[in-house]
Amino acid sequence: MQRLLSRRDVTRIAAGSLAVASLPLAAFAPASVAVLASDATATPAGGSFTDLGLQTLDLKVSANGVEGLPETLAAGRYVLHLEPGDMLPNDTMPGVFFAMLPDGITMDDLAAMASTPMPGPPDWYYTTTLPGGVSAAPGQAGDAVIDLKAGNWFASGPELSTPPVGLTVTGDSPSDVKDPAANATITLKEYTIEVTDGALQAGQNIIKLENVGTEPHFVELFKGPDDMTKEQLDATINVAMTGTPTADALDFSTLIPVFESIDQSASTTQWAALSLEAGAYAGVCWVGDPKTGAPHAAMGMYNLFIVK
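Everything numeric in this text was worked out from a predicted model, so none of it was measured. (Residues numbered from 1 in each chain as written. Predicted model: local features only at pLDDT ≥ 70, side-chain atom pairs only at ≥ 80, totals over all residues. Heavy atoms only, no water.)

### A few points about the pairing of strand β2 (residues 56-62)
Residues L57, L59 and V61 line the buried face of β2, whereas the alternating positions T56, D58, K60 and S62 sit on a face that is not buried. Note that β2 and strand β5 (residues 76-82) share four bridges and pair parallel. For L57, the partnering residue across the bridge sits in β5 and is L80. Counted along the chain from β2 to the antiparallel partner strand β3 (residues 65-67), the turn is two residues long. (Buried < 20%, exposed > 50% of the residue type's maximum accessible area, 1.4 Å probe, protein only. Helix = DSSP H or I, 4+ residues; strand = E, 2+ residues; numbered from the N terminus. Pairing = 2+ DSSP bridges.)

Structure follows, in structure tokens:
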């Protein structure tokens, strides 16, 4: 299962080795530039969630699947700690994707999907609950916080890149859980990615990621040249969508992926810890629109962030 475009596909499109249908960005609402100052009034945060008093799930993920997940859990909020690992099949970043088991879908069905490449997300991806998950750059650890409600769930590598593992969650979620202290809130909706509270900062961050839209979303952060402009980002996304080079576009290989949040459905919130250097970043959502198939990025769901 792919989110329509993988990082490998985008790189091939930008290099002109993969043909796709033309999707001119001029027809869509433009993304804005968000200047993110480090002197914001948000409470500074460290890179862990040890002060929350929550149970931590220590997870590992490899081509063989997710390890460390118990068969049953009580409903509630959990810290996810991902041990350092390698890239996963299909050029997928290390991570653990969670989803409520869709109606009419069995674990055997999911295992078959994981072993068979798909051109885009299945129908259930747009209707089931996706609470987020945890991810990390290859060779690095990752930390995140998600909420799990009662029901039957599964976990796998992002994009079903590994065999799924089942999980049963029981009981009622506690009402008195403490939110992590985030220094920045990234709000996702159709079709924008915005920092709506606080600021990203050079150094350690805890970010709150909320999906207030109606479709699933995620954000992939790329570190670009320090002088990257909004116009260059527009042109670069256009090349990624059409494969047609333009003078203002950056070589996509100069955009270094530094963080990728795990897919989350409407009305969900997750928190992630990450470290950022000062500079210019592109935040992009590659999820395919359920009606047109167009990547959300082609519909304006990307943004330029200046971290100071």
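Right, picking up where we left off after that structure.
### Describing the sheet that holds strand β6 (residues 95-100)
Here five strands make up an open sheet; going across it, the order is β4-β10-β9-β6-β7 and the pairing mixed. Of all strands in the sheet, those with a lone pairing partner are β4 (72-74) and β7 (133-135), marking the two edges. The mean inter-strand angle of the sheet, taken between neighbouring strand axes irrespective of direction, is 25 degrees. Relative to strand β10 (residues 165-170), strand β9 (residues 151-156) runs antiparallel, the two sharing five bridges. Looking across to β10, one finds that W153 is bridged to L167. (Axes fitted to C-alpha atoms, helices over the stretch in contact; angles between N-to-C directions.)

### With respect to helix α2 (residues 107-115)
Regarding α2, the residues found buried are L110, M113 and A114. Buried positions in α2, seen along its axis, are confined to an arc of 100 degrees and lie on one side of it. Turned more than 90 degrees away from the buried face of α2 sit D108 and S115, all of them exposed. (Arc of directions from axis to C-beta.)

### Notes on the pairing of strand β8 (residues 142-148)
Burial within β8 is extensive, with five of its seven residues counted as buried. Taken together, the seven bridges between β5 and β8 define a ladder with antiparallel strand orientation. Within β8, the position partnered with R77 by the bridge is D147. Bridging between β8 and strand β16 (residues 268-276) involves three bridges; their strand directions are antiparallel. Residue pairing across strands places V145 opposite W271, the latter belonging to β16.

### So, the environment of T92
By the element assignment, T92 lies in the loop between β5 and β6. Residues T92 and P138, spaced 46 residues apart in sequence, show a C-alpha to C-alpha distance of 9.9 Å. Those residues within four positions of T92 in sequence are excluded, and the remaining contacts are M87, P158, E159 and S161. (Contact = heavy atoms within 4.5 Å.)

### Observations regarding helix α3 (residues 230-242)
Because the α-helix completes a turn every 3.6 residues, residues three or four places apart line up on one side. A rise of 1.5 Å per residue sets the reference length of α3, with its 13 residues, at 18 Å; its end C-alpha atoms lie 18 Å apart and thus fit the reference within 8%. Taken residue by residue, α3 has K230, L233, A235, T236, I237, V239, A240, M241 and T242 as its buried positions. (Expected span 1.5 Å × (residues − 1).)

### Section: the environment of S62
With respect to the helices and strands, the residue S62 is situated in strand β2. Residue classification places S62 among the partly exposed positions, given a relative accessible area of 25%. Along the backbone, S62 and P94 are 32 residues apart, and their C-alpha atoms lie at a distance of 7.8 Å. When residues no more than four places from it in sequence are discounted, the contact partners of S62 are L88 and T162.

### Side note on the nonpolar core
By size, the foremost hydrophobic cluster in this structure holds 53 residues, and its most contacted members are W124, I193, I207, I237, V284 and W286. The contact partners of I193, leaving out residues within four places of it in the chain, are I186, T187, L188, V219, G283, V284, C285, M301, Y302, N303 and F305. Counting residues in hydrophobic clusters, the runner-up holds 23 residues, among them Y78, L88, F98 and W153. (Core = buried A, V, L, I, M, F, W, Y, C linked by side-chain atoms within 4.5 Å.)

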